[in-house]
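Remarks on the overall topology
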Amino acid sequence: MLLTLVYRSHISEHVQSDSLVEMVSQANVNNELLSITGILLFDGMHFFQLLEGPEEAVDALYSSICQDKRHHNVVVLMRDYVQSRRFGNVGMELFDLRHHHEDEVLQAVLDKGTSKYQLTYEDRALQFLCTFVQAREKENYLEILPADSWSFLADEPLKPEVEFIFPEMQDYSFAFQPIVDPLSREIISYEATIRGPEGGSAMEYYSRLSGITIYEADLKSKKLAFAMAQKIGISDKTISIKLLPMTLVMVPDAVGFLVNEITACGLVPEQIVVAITENGVITREDKFTTAMKQLKASGMRLAIDDFGAGSAGLLLLTQCQPDKIMIDRNMICDIHTSGPKQAVVQAIIRFCSALEISVIATGVEKPEEWMWLDAAGVCNFQGELFAEPRLKGAPVVTWPEVTYEYQSGQQAL
Ligand SMILES: Cc1cc2nc3c(=O)[nH]c(=O)nc-3n(C[C@H](O)[C@H](O)[C@H](O)COP(=O)(O)O)c2cc1C
């Protein structure tokens with residue numbers, strides 16, 4: 001199958017732009033051998049490349065291009081299948097935007113077109129090209145440092161496990177994972193997630209239940225989360241609990257139950273964030289709206305969890321006025337290399353800013369993901385990069401510090 005792959009990247013500091021001519025002539029020969037055709041644009045700082053060819057060959061070439069030290073911050077903008085090649089006769093052609101007017105470049109690219117139908121800018125790949133030539137998206141090119149410019153270090157030892165037993169712990173337990181603001185070294189809150197008694201998935205417990213008992217168990221389990229938070233010494237922090245949205249609909253006076261259990265554990269509703277999962281189907285909207293009102297009126301705050309993974313996200317956002325949204329981990333994974341994910345998350349950040357909703361990125365595992373999100377304006381993070389969830393306890397947090405090698409490298413420049 002024919003694949004079109006479009007990416008942009010940033011030229012590395014040590015590369016002289018004259019050396020590109022040599023690279024392009026080698027690439028030209030190589031691409032012809034691989035039946036790959038392509039267009040490379042360079043504006044003095046960024047590359048933009050459109051590659052077309054057999055899927056496997058394009059993917060293999062792209063992997064090798066990603067490893068090339070002559071550029072970095074490589075971001076895929078488009079990966080899509082086509083019926084026929086746009087630029088059938090070209091192995092590789094470089095257009096240096098510093099030496100030509102934008103109209104000249106656009107015309108030259110159109111003239112290279114070999115598709116049966118005349119190339120038009122209705123074509124998405126060509127629209128990307130046009131946008132690059134006209135430098136219309138430059139403010140969204142977020143440049144990040146190499147991953148090894150940061151190390152992640154704990155500033156305190158792991159606290160010893162506190163011994164406690166509650167009857168519910170025979171059936172289930174809770175793991176606690178912090179949400180942090182890494183640059184101000186602040187723990188924003190701890191999220192309590194239900195687990196099996198030994199730390200496994202809680203599915204075993206839930207799979208024994210059906211119908212309304214699932215929702216009852218979901219609600220009742222929070223009693224243990226609050227009690228454990230108190231025992232492990234985090235009762236002065238914000239505690240976040242996950243709840244199925246239908247629990248608020250199906251269990252009568254669910255909010256009243258939560259408030260009672262919160263106060264019984266010496267906590268206050270204002271320090272509790274209820275995170276409802278976006279992909280839980282909500283029926284009985286009237287009852288859900290009433291429960292939301294009660295929840296807000298009790299002082300508890302509301303978050304939408306797994307935002308971006310389900311189907312109700314945007315509508316739910318307009319209906320229930322959350323205080324926080326937690327972007328789903330699948331959206332965060334490798335965001336520094338994915339144009340589509342970057343565009344979606346930048347839109348989420350923009351509308352959350354307009355609605356004064358704080359954004360939390362979840363499932364952050366790589367320094368590059370954190371750096372890109374930080375550059376995009378996200379301040380609050382959850383993920384293994386900072387702290388893994390800890391069963392029946394609070395984990396240590398590893399905070400980012402600029403590495404000595406990077407600092408001395410910068411001073412030497
Ligand atoms: C911006 C940029 C675009 C490139 N485009 C191509 C290309 O289209 N075809 C190609 O063979 N190499 C291209 N290269 C060079 C490859 O990264 C790599 O050096 C080349 O494929 C040889 O790889 P090998 O040494 O693993 O055989 C490009 C490099 C850069 C920095």
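Keep in mind that what you see is a predicted model, and the values were worked out from it rather than measured.

1. Quick notes on the overall build of the protein chain
Looking only at helices and strands, one finds 14 helices and 16 strands in the protein chain. Once the C-alpha set of the protein chain is aligned to its principal axes, its extents read approximately 75 × 55 × 35 Å. Here the protein chain, with 413 residues, has 49% of them falling under the buried criterion. In the protein chain, of all internal contacts separated by at least 6 residues, the share reaching a separation of at least 24 is 74%. Element-wise, carbon and sulfur atoms account for 52% of the exposed surface of the protein chain, whose accessible area totals about 20,200 Å². Between the centroid of the 34 positive side chains of the protein chain and the centroid of its 57 negative side chains there is a distance of 5 Å.

2. Digging into the UniProt feature "domain: BLUF" (unreviewed entry) in the protein chain
Mapped onto this numbering, the UniProt entry annotates "domain: BLUF" (unreviewed entry) at residues 2–93. Across residues 2–93, helical content stands at 32% and strand content at 41%; the span's end C-alpha atoms are separated by 19 Å.

3. Focus on helix α8 (residues 254–264)
Among the residues of α8, A254, V255, G256, L258, E261 and I262 are the ones counted as buried. In the core, the buried residues of α8 are packed alongside α6 (212–231), β9 (238–243), α7 (245–250), β10 (272–277) and α9 (285–297). Positive backbone phi, at 75 degrees, marks G266, one or two positions downstream of α8.

4. Notes on the packing of α6 against α8
Two packed helices can be described by the angle between their axes and the distance between those axes. At a minimum axis separation of 9 Å, α6 and α8 run at an interaxial angle of 15 degrees. By the angle between their axes, α6 is roughly parallel relative to α8. Seen along the crossing, α6 lies across α8 with a hand that is right-handed. Every residue of α8 that contacts α6 at L219, K220, K222, K223 and F226 is listed here: A254, F257, L258, E261 and I262. Class assignment of the residues belonging to the contact of α6 with α8 gives a composition of six nonpolar, no polar and four charged.

5. What to know about the pairing of strand β12 (residues 324–327)
Burial along β12 is two-sided: K324 and M326 facing one way and I325 and I327 facing the other are all buried. Bridge analysis of strand β11 (residues 301–307) against β12 gives three bridges, and the strand direction is parallel. Residue pairing across strands places A303 opposite K324, the latter belonging to β12. For β12 and strand β13 (residues 358–361), the ladder comprises four bridges, and the chain directions are parallel. Each residue of the ladder has a partner; that of M326, found in β13, is I360.

6. Side note on the domain arrangement of the protein chain
Under the domain assignment used here, the protein chain contains domain 1 (2–140) and domain 2 (147–412). Of note, the centres of domain 1 and domain 2, computed from C-alpha atoms alone, are 41 Å apart. The contact between domain 1 and domain 2 buries some 430 Å² in all, and 36% of this surface belongs to carbon and sulfur atoms. Together, V75, V76 and N140 form the three largest contributors to the area buried by domain 1 at its contact with domain 2, with a combined 69%. On the surface where domain 1 and domain 2 come into contact, there are zero salt bridges. For the pair domain 1 and domain 2, the number of links is two residue pairs in polar contact (both at pLDDT 80 or more). Per-element accounting of the side of domain 1 that touches domain 2 gives the leading share, four residues, to strand β4 (residues 71–82).

7. Here we look at the nonpolar core
Core analysis: the biggest nonpolar cluster contains 80 residues, and L248, I325 and L373 have the highest contact counts within it. Top contributing element to this core by residue count: α6, with eight residues. Not counting chain neighbours up to four residues away, the residues in contact with I325 comprise I304, F307, L317, I348, C352, I357, S358, V359 and I360. One finds F48, F87, L106 and V109 within the second-largest nonpolar core, a separate group that totals 22 residues.

8. Some details on the site of the ligand
Inspection of the region around the ligand gives 15 residues, with N30, N31, Q49, D68 and R70 positioned closest. Contacts to the ligand include R70, whose side-chain N or O atom sits 3.2 Å from an oxygen atom. In the complex, 71% of the free accessible area of the ligand, which totals 620 Å², lies under the protein chains. Among the elements of the structure, α1 (19–34), β3 (46–54) and α2 (55–67) are those that each provide at least two residues to the shell around the ligand. Counting residues per element, the shell around the ligand draws most heavily on α1, which supplies four residues. Here the residues of the shell around the ligand sort into eight nonpolar, five polar and two charged.

About the thresholds
In every chain, residue numbers begin from 1 and rise along the written sequence. Local features in this predicted model are restricted to residues of pLDDT 70 or higher, and side-chain atom pairs are both shown and tallied only at a pLDDT of 80 or more, whereas totals for entire chains, interfaces and linings draw on every residue. Only heavy atoms go into the side-chain values, all of them from the structure, while hydrogens and water stay out. Each helix is a run of DSSP H or I of at least 4 residues and each strand a run of E of at least 2, with the numbering of both proceeding from the N terminus. The cut-offs for exposure are 20% and 50% of the maximum accessible area for each residue type, with area from a 1.4 Å probe on protein chains only; residues under the lower value are buried, those over the upper are exposed, and the others partly exposed. In this analysis, two residues are considered to be in contact whenever any of their non-hydrogen atoms come within 4.5 Å of each other. Residue-level accessible areas treat just the shown protein chains as cover; the underlying method is Shrake-Rupley with a 1.4 Å probe. Working convention for charge: Lys and Arg count positive, Asp and Glu count negative, and His plus the chain ends are omitted. Charge positions are represented by NZ for Lys, CZ for Arg, CG for Asp and CD for Glu. UniProt positions are given in the numbering used here, feature names are shortened, and annotations may be inferred rather than shown by experiment. A fitted line through C-alpha atoms serves as each axis, taken over the contacting stretch for helices, and the angle formed by two N-to-C directions is quoted from 0 to 180°. In these notes the angle categories are as follows: under 35 degrees is roughly parallel, over 145 is roughly antiparallel, 65 to 115 is roughly perpendicular, and the rest is oblique. Should the near helix be turned anticlockwise from the far one by less than a right angle, the crossing is left-handed, and should it be turned clockwise, the crossing is right-handed. Under the grouping applied here, Gly and all other residues not named as nonpolar or charged are polar, the nonpolar ones being Ala, Val, Leu, Ile, Met, Phe, Trp, Tyr, Cys and Pro and the charged ones Asp, Glu, Lys and Arg. By definition, two strands form a pair when at least two bridges between them are found by DSSP. Each domain span listed reflects an automatic or database assignment of domains. Buried area is a sum: the accessible area each of two parts loses on coming together, probed at 1.4 Å, counted once for each and added. Salt bridge criterion: a side-chain nitrogen from Lys or Arg within 4 Å of a carboxyl oxygen from Asp or Glu. Definition of a polar contact: a pair of N or O atoms within 3.5 Å, with one able to donate and the other able to accept a hydrogen when the atoms are protein atoms, and with sequence-neighbouring residues admitted only if both atoms are side-chain atoms. Among buried residues, those of type Ala, Val, Leu, Ile, Met, Phe, Trp, Tyr and Cys that are joined through side-chain atoms within 4.5 Å constitute a nonpolar core. For each residue, the test is whether any non-hydrogen atom lies within 4 Å of the molecule or strand; if one does, the residue is near.

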